[in-house]
Amino acid sequence: MKVTQTIDFPYRQNSPLRKAKLQNWILQSLISVFLLAAPPVEAAQLETWQFESDRNQLSFTTRGGVQPTAKLLLNPTRLVIDLPGTTLGRQSVTQPVGGTIREIRVGQFNNQTSRIVVELADGYTLDPQQVEVKGSSPTQWTVQLPDPQVSGSPVAQGSSSPRSDSPSPLAATGGNTELQEVEIQDEGFIFHTNGANPTVELNQGSNGTWVNVDLPGVTLSPDLERRFMNVDRLGVNQLQLVQASSAPPLTRAILTLTETDKNWQAQVSDRGQVLVWPEGENPPQVTAQATSGLATIHGIELVGNQVVVKADRTLNYNTEWDQKTLAYRLTLYSSHLGNNVNRLQPERGSSVLWVRPTQEDPETVVVLVQPAAGVRVSGVEQQSGDRLAVQLESTEIVTTDPNAQLIPISTPDSTPSVSPENQLQSEIPPIPAGRIAVVIDAGHGGSDPGAVGIGGLQEKDVVMDISHQVSEILEREGITAIMTRQDDRTIDLAPRVQLANRVNANLFVSIHANAVNGRRPEVNGLETYYYASGRNLAQAIQNSMLQDFSSMPNRGVKQARFYVLRHTSMPAVLVEVGFVTGRDDVRMLSDAAQRTRMAEAIARGILNYVRTNR
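As the structure is a prediction and not an experimental result, all values here were calculated from the model.

Peer 1: Whenever I open this one, the overall build of the protein confuses me. Can you help?
Peer 2: When helices and strands are tallied, the protein shows eight helices and 39 strands. Across the 614 residues of the protein, 55% fall into the buried class. In the protein, once contacts between residues fewer than 6 apart in sequence are set aside, the share between residues at least 24 apart is 66%. Of the roughly 26,100 Å² that the protein leaves accessible, carbon and sulfur atoms contribute 45%.

Peer 1: I tried to follow the pairing of strand β8 (residues 93-98) on my own but got confused; where do I start?
Peer 2: Residues in a regular strand project their side chains so that they alternate between the two faces of the sheet. Bridge count between β8 and strand β9 (residues 101-110): five bridges; the pairing is antiparallel. Counted as the bridge partner of Gln-95 is Ile-104 from β9. Turn length for the β8-β9 hairpin, with the two strands adjacent in sequence and antiparallel, is two residues, and the turn residue Gly-99 shows positive phi of about 75°.

Peer 1: What should I look at first to understand helix α5 (residues 535-548) in this one?
Peer 2: Think of an α-helix as 3.6 residues a turn; residues three or four steps apart then line up on the same face. Between its first and last C-alpha, α5 extends 20 Å over 14 residues, near the 20 Å set by a 1.5 Å rise per residue. All of the buried residues along α5 are Leu-537, Ala-538, Ala-540, Ile-541, Gln-542, Ser-544, Met-545 and Leu-546. Considering only its buried residues, α5 is in contact with β36 (507-514), β37 (526-530), β38 (554-559), β39 (572-579) and α8 (592-612).

Peer 1: Looking at this structure, how should I read the packing of helix α3 (residues 459-476) against α8?
Peer 2: Between two packed helices, both the angle of their axes relative to each other and the distance between the axes serve to describe the pair. Packing of α3 against α8 brings their axes to within 8 Å, and their N-to-C directions diverge by 50°. Considering their axes alone, α3 and α8 lie oblique with respect to each other. The two elements α3 and α8 meet at a crossing, and its hand is right-handed. Listed contacts from α8 to Val-462, Asp-465, Ile-466, Gln-469, Val-470, Ile-473 and Leu-474 of α3 are Arg-595, Thr-596, Met-598, Ala-599, Glu-600, Ile-602, Ala-603, Ile-606 and Leu-607. Among the residues making up the contact of α3 with α8, the classes are represented as eleven nonpolar, two polar and three charged.

Peer 1: Could you clarify how one ought to interpret the side chain of Gln-542 in this entry?
Peer 2: Turning to its location among the elements, Gln-542 is positioned in helix α5. Residue Gln-542 is classed as buried on the basis of its relative accessible area, which comes to 1%. At 3.1 Å, the side chain of Gln-542 and the backbone oxygen of Leu-526 are in polar contact. A distance of 2.8 Å separates the side chain of Gln-542 from the side chain of Thr-528, its partner in a polar contact. When near neighbours in sequence (up to four residues on either side) are disregarded, Gln-542 contacts Leu-526, Glu-527, Thr-528, Asn-554, Arg-555, Gly-556 and Val-557.

Peer 1: Just checking my understanding: could you explain the environment of Glu-360 for this structure?
Peer 2: Locating Glu-360 in the fold gives a position in strand β30 (residues 352-361). Spatially, the C-alpha atoms of Glu-360 and His-336 are 9.1 Å apart, while their sequence positions differ by 24 residues. Setting aside chain neighbours within four positions, we find Glu-360 in contact with Arg-329 and Val-366. Side chain to side chain, Glu-360 and Arg-329 meet in a polar contact 2.5 Å long.

Peer 1: Explain unusual backbone geometry here, please?
Peer 2: What is expected of a backbone is that most residues other than glycine have negative phi and most peptide bonds are trans. Not every positive phi belongs to a glycine, and Asp-232 is a case in point at roughly 55°. Tracing the backbone shows Asp-232 in strand β20 (residues 228-233). When its relative accessible area of 35% is taken as the criterion, Asp-232 is described as partly exposed. One non-glycine residue, His-444, lies in positive phi territory at about 60°. Here His-444 shows up in the loop between β34 (437-442) and α3.

Peer 1: Honestly, empty space enclosed by the protein in this entry has me stumped. Any pointers?
Peer 2: Which parts of space are left empty comes out when a probe the size of a water molecule is rolled across the atoms. Scanning all chains against the criterion turns up two cavities of 30 Å³ or more. If you add up the space inside the largest cavity, you get close to 70 Å³. Glu-181, Val-182, Glu-183, Ile-184, Ala-295, Arg-313, Thr-314, Leu-315, Asn-316, Tyr-333 and Ser-334 together form the lining of the largest cavity. Among the elements that line the lining of the largest cavity, the one with the most residues is strand β15 (residues 177-184), at four residues.

Peer 1: Help me understand the nonpolar core, please; the structure alone is not making it clear to me.
Peer 2: For soluble globular proteins, the rule of thumb is that nonpolar side chains tend to be buried together. Ranked by internal contacts, the top residues of the largest apolar core, which has 48 residues, are Val-470, Leu-474, Val-509, Val-577, Met-598, Ile-602 and Ile-606. A per-element tally of this core places α8 first, with nine residues. Not counting residues within four places of it along the chain, the set of residues in contact with Ile-606 comprises Val-438, Ile-440, Val-470, Leu-474, Leu-507, Val-509, Leu-537 and Ile-541.

Peer 1: Sorry, what's going on with the sheet that holds strand β18 (residues 210-216) here?
Peer 2: The pairing of strands in a sheet comes from backbone hydrogen bonds and takes either a parallel or an antiparallel form. One open sheet holds the five strands; their spatial order is β17-β18-β22-β21-β20, and the pairing between them is antiparallel. This sheet does not close on itself; its edge strands, each paired only once, are β17 (201-204) and β20. The average angle at which neighbouring strand axes cross in this sheet is 20°, direction not considered. As defined by bridge partners, β20 adjoins strand β21 (residues 236-246) across four bridges and the pair is classed as antiparallel. By the bridge assignment for β21, Asn-230 is matched with Gln-238.

Criteria and thresholds
- Residues numbered from 1 in each chain as written.
- Predicted model: local features only at pLDDT ≥ 70, side-chain atom pairs only at ≥ 80, totals over all residues.
- Heavy atoms only, no water.
- Helix = DSSP H or I, 4+ residues; strand = E, 2+ residues; numbered from the N terminus.
- Buried < 20%, exposed > 50% of the residue type's maximum accessible area, 1.4 Å probe, protein only.
- Contact = heavy atoms within 4.5 Å.
- Areas by Shrake-Rupley, 256 points an atom, 1.4 Å probe, with all protein chains shown as cover.
- Pairing = 2+ DSSP bridges.
- Expected span 1.5 Å × (residues − 1).
- Axes fitted to C-alpha atoms, helices over the stretch in contact; angles between N-to-C directions.
- Parallel < 35°, antiparallel > 145°, perpendicular 65-115°, else oblique.
- Left-handed = near helix turned anticlockwise from the far one by under 90°.
- Nonpolar A, V, L, I, M, F, W, Y, C, P; charged D, E, K, R; others polar.
- Polar contact = N/O pair within 3.5 Å; in protein donor to acceptor, adjacent residues only side chain to side chain.
- 1 Å grid on protein atoms, 1.4 Å probe; cavity = no way out; pocket = protein on both sides within 12 Å on 5 of 7 lines; lining within 4 Å.
- Points joined across faces, edges and corners; volume = space filled by probe spheres on them.
- Core = buried A, V, L, I, M, F, W, Y, C linked by side-chain atoms within 4.5 Å.

This is how it looks when you write it as structure tokens:
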């Protein structure tokens, strides 16, 4: 089930807002937009959030449906996302980001509203017309930011010309020294600069959890792609680079520490590099290779439950789940593949299905790792400066065959439909007098596959199989089951509702499979939605599913304003039978026997409700 909303900031050709923009859009506008008009239907809690600086994307999940609002505020420039009717459930959090985004703040704005603030660095702003907010469900949202622009630059057609009082953080500094690269060694850090020799100022926090390395007169090179680095050595967790000031220029490196008992020192070498290392240790060594060459990846191998990447020097990296392949993605910066480094295809029963290294661009290597069924990635360990290990571990096996590979399923009678698009089944069986009629709605279909998950598993195939079996079980129990589609055809939402209302059905059950961002395979579980009179039916089905699938997380019974729930005239529910993107759920949804169990559980829930409410 997918819900999508795009921020719509008012902007009309001759509106007062446009005139204000032409005068000074960033100083005169306060832009606020409500993504959905109705207030939240129930209290919710902000559970998780994540900002991916390399993608300029914020994602968050809640327990209970939310309807966010977004607005752009000034002085300083910041994008504010409010979650009405939502509590944080923990202390406020501030995450420094660096570059054009200063930081992300998450806190409780008031008793009824959680707030997420994306604050930009000095001298930058956003084009609000390009901010996009999407919800894959009422509990899962992403906010896609455009690339921040220098304040006063023409970020959109019709915007004002650049303001003379808005200095460019890079061009208007007057400095001629740039930071080009940060090298991470086992002994410490080397900041490579060009131009005039820099000076360095080091400031360590009193609680020992951070160190700031300030480089006055230095700007970040436009060619410096990586400004946020995982370190995991020397008692340092992460390193972030920030253009702290533009005029005068000041570059700042923020070291986040895990060992609070170390003192740090810094000096400038005779070659102009800035060396930073712990007191009492030998300083890092500047070599010709370090100042000019790329790291060479000369080996990738599977060692036990680890995928080990070997190089000839320190590796800077980032991790995420690849949206296209749904594999674990390890991005290695300032690197190139050596000779004879090829794709790994381990034997059956291995902890991975395959490992695929590629040279994404002349200075970036990407290693994709596809875990096998029942295996998850627990993290990345930097074993030494030149070795990275992707850690793998087993999870509970749900399928009957623990070595089963995840593959797309085939739906029974999946011959392509010759029926016209967007039409219901041509023949609707008569409903005998006195019999209960239940409409079973298999979500999506035809040109709309719904969610596509791990191994290419398509939502429309999963729910078609389950819906067929639910209908057959109900028919055997003396209930007339009417399906909105019996084959792989495209049907809009309105005809599904019209069918249920036309036959005066007693119940409407829409069956779907859930999905979340492909980099979140840990999200799994069952949930059922209702809008008005369907709460008891939703609870009966949810309880029945949990009875048969007790190991699956219970995501609860929730109220939502889905079209098929709001426009049906009988008790109606929407059932999410698991996540096609979930590492655990997908094993169940790919298994024909488990889909039969799910159909039996849903049918039993419907029958329990009917018997209780006759």
